[in-house]
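What the coordinates show
Single-letter residue listing:
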Amino acid sequence: MSQTISNDYVSMINKSGSGYNIPEIVDAIVDAAIVPMKEIVTAQKEKVDASISGMATLKSSAQISQDTFNLINGDGHYSLLSSDDQTASIILNDSTKVANFSHEITAVVTAKPMIQIVTGWSGLNHGYGQPALHVSIDGGSPIIVDTDGSDAGQIIEKLNAISGLSAEMIKAAENTYTMVIKGNLGSSFDIDVPSSSGNKMDTSGSHPNKSVIQNASTASFNLDGIPVTRNNNSITDLIEGVTINLVGDNSSSTTTVSASYSATKIKETVEDIIAELNAYKSDLNALGFIDEVGNEDGPLQNSSYLKSAKRQFSKLMTSPIVGFGDKNIYFVDFGIKTAKDGSLVFDQTTFDRTFVNEPEKFDALTKDKVYSDDSQSTPYSVTDAGLPPGKYQYQQSNQKLFSYTSSQAITTTLSGSATDYTRTADGYPGFLIKSNLDNPADYNIYIGHSVKTKLNNFFTDVLASSGQLDATVDLYKERVSSLDAKLAKIDQREALLQAQYTKQFSEMEKVVNTSTSSADYVTQLVDGWNKS
C-alpha cells in the first residue's frame, strides 16, 4: 500500500459487536486511489471546454465584424451640388460608380405631358351618350374603348386602364366637374369619337367644353455644350452613379452640377473601420491573455490557432490593396496606423496628405474597380469568380493575360464577330472582356478589390466551415470525447474498487465478530497493513 492507514479507525468500533463503519472506510480508501486521477482528467476537460467556448466567442466576433463591414458604403463620400436647384437637382444612385465631376447645364426645357380637360360634367354618374372612343398613344394603333351606356366615372376607369394614360375628375364647383386626361412625360395621345365628330372628348377640332391646356414635350438641354434629349426629367444614364432631375425650364442662365470628395464623410468611414478592427483585435487579445500574477488566463491562452489568427490579421493590415492603378495602396494611406500598444489609431496628418495629393485612393475604401487602358476593350470581373485583384497585361502576340502579381500567363478564349467580341479567361468564369477588336494591341487591365471586399473575404475565410476555425473546434470536441471516455473508465474503476473493498471489509467484519476482542484484532490487522 502506498499510504499508512491510521489506527484511528479503531475508534469506530463500538463496544457492542464489531462496530465497523464500513462505507466510510471504503470511501476513504477508494477516494485515495480515484480522486487525484479524476481531478487531473476533469481539469483537462474543463480547459478544453473553455477552449471550445473561446473558439465560439472568436467566431461570433468575426461574424459581428463581417456584418459591420458589409454595412459600410461610400454613399456619403461625395458631396453632390447643384448651383440652381430650381432648374436641376442631382442625387446619388450608385456610390460605386460615381466619381469627381463638374458639368454645366444650359437651355433647359423640361419634359411635359399632354393634358386635355373636358368640362360640362355634373358628377361621376353623368352619362356620356356615345358608344366608343378610339384612343392612340404617340400615334400608335387605336385602342377601342367601349363607352356605350357608360357614365363619366366608368370612362375614367377605362382610360386609366390604358398604359400611358391617366384620368381623374376634379370638382370645380357644386354640380360642376372637370375631367383631366393626362399622358406620360413627353408623350401625346389622340382621342377620336367616330360617332360624333367634334364631340367634347375628341382631341381634334374644337368644342366649348374641351381644351388641350398643355402639349407634350421631351426634355432637352445642353451638357457642357452638347445637346441632350430625354423623354422624362429624371436622367440616370448621362453621368455614372447619379441622377439629374430637371425641375424647371431655364433658357437664360447656367446651372453647374458637381460631385467632389467629402473629407468629413470619408474620415467617418475610416474611423468606423478602425473601431471595428480594434474590436476584433481586442477580442483576439482577450482570448489569448496570459495572467502572469493570477489565475485569469484567457480561454485560448497558448492556442496555436489563436497565434495563427493573429498572424493572419497582421498580414491583412500590412498587405497592399492592388489593382487601383500602377501604385499599390496601403491602410496607412487612409490614415490607419498602429500605435505602440498594438491598437489601430487615426492619423490626421497622413489622411490629409492623401486627401490633398491623391484623393482617388479613397475610392478603394468601398468601391471595387475593373477597367483597362484600352478604350475599345472593357473588362468585367466578379469578386468571387473573376481574376484575383492586381494588374494584368493582354498580350497580342499570344492572346494571353499576363499577371504582374504572380507572373502567370492565363490562356483566353475568343468568341463573337464583326465589332462585338467576347474574350474569357480559362479557369475564371466570372471574368470576360468585351471588345470591338478580335486581337487588339497590348493593353493593361486593372482589377481592384476594395477594403470592404478585402475585409469581407478575410472574415469569410475565418468563418468558412472548411476553414481552420471549425477544424480546430472539431479537434477540441474529439479531445472532449476522449476525456469523457477516460472519466467513464475512472468511474468504472471507482465502482469496481467500491465493490471490492466493501466485500473485503464485510468478510473481515464476520471474522471480527467471532473474535473475543474486536479491538485487539483490528489493531493487529491495521498494524499488519502498515508494516506490509
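Refer to the preceding data block for the structure.
Residues numbered from 1 in each chain as written. Predicted model: local features only at pLDDT ≥ 70, side-chain atom pairs only at ≥ 80, totals over all residues. Heavy atoms only, no water.

**Side note on the overall build of the chain**
- Counting its regular elements, the chain contains 8 helices and 25 strands.
- A compact globule built from 532 residues would reach a C-alpha radius of gyration of about 24 Å, whereas the chain, at 43 Å, exceeds it by more than 25%.
- Here the C-alpha coordinates of the chain stretch approximately 140 × 70 × 50 Å along the principal axes.
- Residue burial in the chain is summarised as follows: out of 532 residues, 40% are buried.
- When contacts within the chain are restricted to residue pairs at least 6 apart in sequence, long-range pairs at least 24 apart make up 68% of them.
- On the chain, roughly 27900 Å² of surface is accessible, and the fraction owed to carbon and sulfur atoms is 49%.
- Computed over 41 positive and 63 negative side-chain charges, the separation of the two mean positions in the chain equals 6 Å. (Helix = DSSP H or I, 4+ residues; strand = E, 2+ residues; numbered from the N terminus. Rg over C-alpha atoms; globule rule 2.2 N^0.38 Å. Buried < 20%, exposed > 50% of the residue type's maximum accessible area, 1.4 Å probe, protein only. Contact = heavy atoms within 4.5 Å. Areas by Shrake-Rupley, 256 points an atom, 1.4 Å probe, with all protein chains shown as cover. Lys, Arg positive; Asp, Glu negative; His and termini not counted. Charge placed at Lys NZ, Arg CZ, Asp CG, Glu CD.)

**Examining the sheet that holds strand β6 (residues 143-146)**
- As summarised here, the arrangement of the 3 strands in space is β6-β5-β9, forming an open sheet in which the pairing is antiparallel. Edge positions in the sheet fall to β6 and β9 (189-192), since each has one partner strand and no second. Direction aside, neighbouring strands of the sheet carry axes that sit 25° apart on average.
- Relative to β9, strand β5 (residues 132-137) runs antiparallel, the two sharing 4 bridges. Each residue of the ladder has a partner; that of Val 135, found in β9, is Ile 191. (Pairing = 2+ DSSP bridges. Axes fitted to C-alpha atoms, helices over the stretch in contact; angles between N-to-C directions.)

**What to know about the nonpolar core**
- Ile 273, Tyr 280, Phe 334 and Ile 336 are the most contacted members of the largest nonpolar core, which totals 59 residues.
- Those residues in contact with Tyr 280, other than ones at most four positions away along the chain, are Leu 58, Ser 61, Ala 62, Ser 65, Phe 313, Phe 458, Phe 459 and Val 462.
- Membership of the second largest hydrophobic core comes to 23 residues, among which are Val 145, Leu 159, Met 169 and Met 179. (Core = buried A, V, L, I, M, F, W, Y, C linked by side-chain atoms within 4.5 Å.)

**Details of helix α3 (residues 263-287)**
- A rise of 1.5 Å per residue sets the reference length of α3, with its 25 residues, at 36 Å; its end C-alpha atoms lie 36 Å apart and thus fit the reference within 8%.
- Residues of α3 that are buried: Ile 266, Thr 269, Val 270, Ile 273, Ile 274, Glu 276, Leu 277, Tyr 280, Leu 284 and Leu 287. (Expected span 1.5 Å × (residues − 1).)

**Describing the sheet that holds strand β3 (residues 101-109)**
- Spatially, β1-β15-β3-β11-β12 is the arrangement adopted by the 5 strands of the open sheet, whose pairing is antiparallel. The open sheet has two free edges, formed respectively by β1 (78-82) and β12 (226-230), since each of these has just one partner strand. Averaged over all pairs of adjacent strands, the angle between strand axes in this sheet comes to 25°, irrespective of strand direction.
- Across 5 bridges, strand β11 (residues 219-223) lies against β12 in antiparallel orientation. When the bridges of β12 are listed, Phe 221 appears paired with Val 228.

**Description of the packing of α3 against helix α6 (residues 451-463)**
- Relative to each other, α3 and α6 sit at 15°, their axes nearing to 13 Å. Considered as vectors, α3 and α6 are oriented roughly parallel to each other. Handedness of the crossing formed by α3 with α6: left-handed. Listed contacts from α6 to Ile 273, Leu 277 and Tyr 280 of α3 are Val 451, Leu 455, Phe 458, Phe 459 and Val 462.
- In terms of residue class, the contact of α3 with α6 is made up of 8 nonpolar, no polar and no charged. (Parallel < 35°, antiparallel > 145°, perpendicular 65-115°, else oblique. Left-handed = near helix turned anticlockwise from the far one by under 90°. Nonpolar A, V, L, I, M, F, W, Y, C, P; charged D, E, K, R; others polar.)

**What to know about the environment of Lys 310**
- Among the secondary structure elements, Lys 310 is positioned in helix α4 (residues 304-318).
- Along the sequence, Lys 310 and Glu 240 sit 70 residues apart, while their C-alpha atoms lie 40 Å from each other.

**Some thoughts on α4**
- Compared with the 21 Å implied by 1.5 Å per residue over 15 residues, the 21 Å span of α4 between its first and last C-alpha is a close match.
- For α4, the full list of buried residues reads Tyr 305, Leu 306, Ala 309, Phe 313, Leu 316 and Met 317. Within α4, the buried residues cover an arc of 115° as seen down the axis, which keeps them to one side. Of the exposed residues in α4, those oriented more than 90 degrees away from the buried face are Ser 304, Arg 311, Lys 315 and Thr 318.
- Measuring from the side-chain oxygen of the N-cap residue of α4 to the backbone nitrogen of Tyr 305 gives 3.3 Å; that N-cap residue is Ser 303. (Arc of directions from axis to C-beta. Polar contact = N/O pair within 3.5 Å; in protein donor to acceptor, adjacent residues only side chain to side chain.)

**Comments concerning the environment of Ala 216**
- With respect to the helices and strands, the residue Ala 216 is situated in the loop between β10 (210-214) and β11.
- Sequence separation between Ala 216 and Asp 138 is 78 residues; the distance between their C-alpha atoms is 9.9 Å.
- Among residues more than four places away in sequence, those in contact with Ala 216 are Lys 112, Pro 113, Met 114, Gly 186, Ser 187 and Ser 188.

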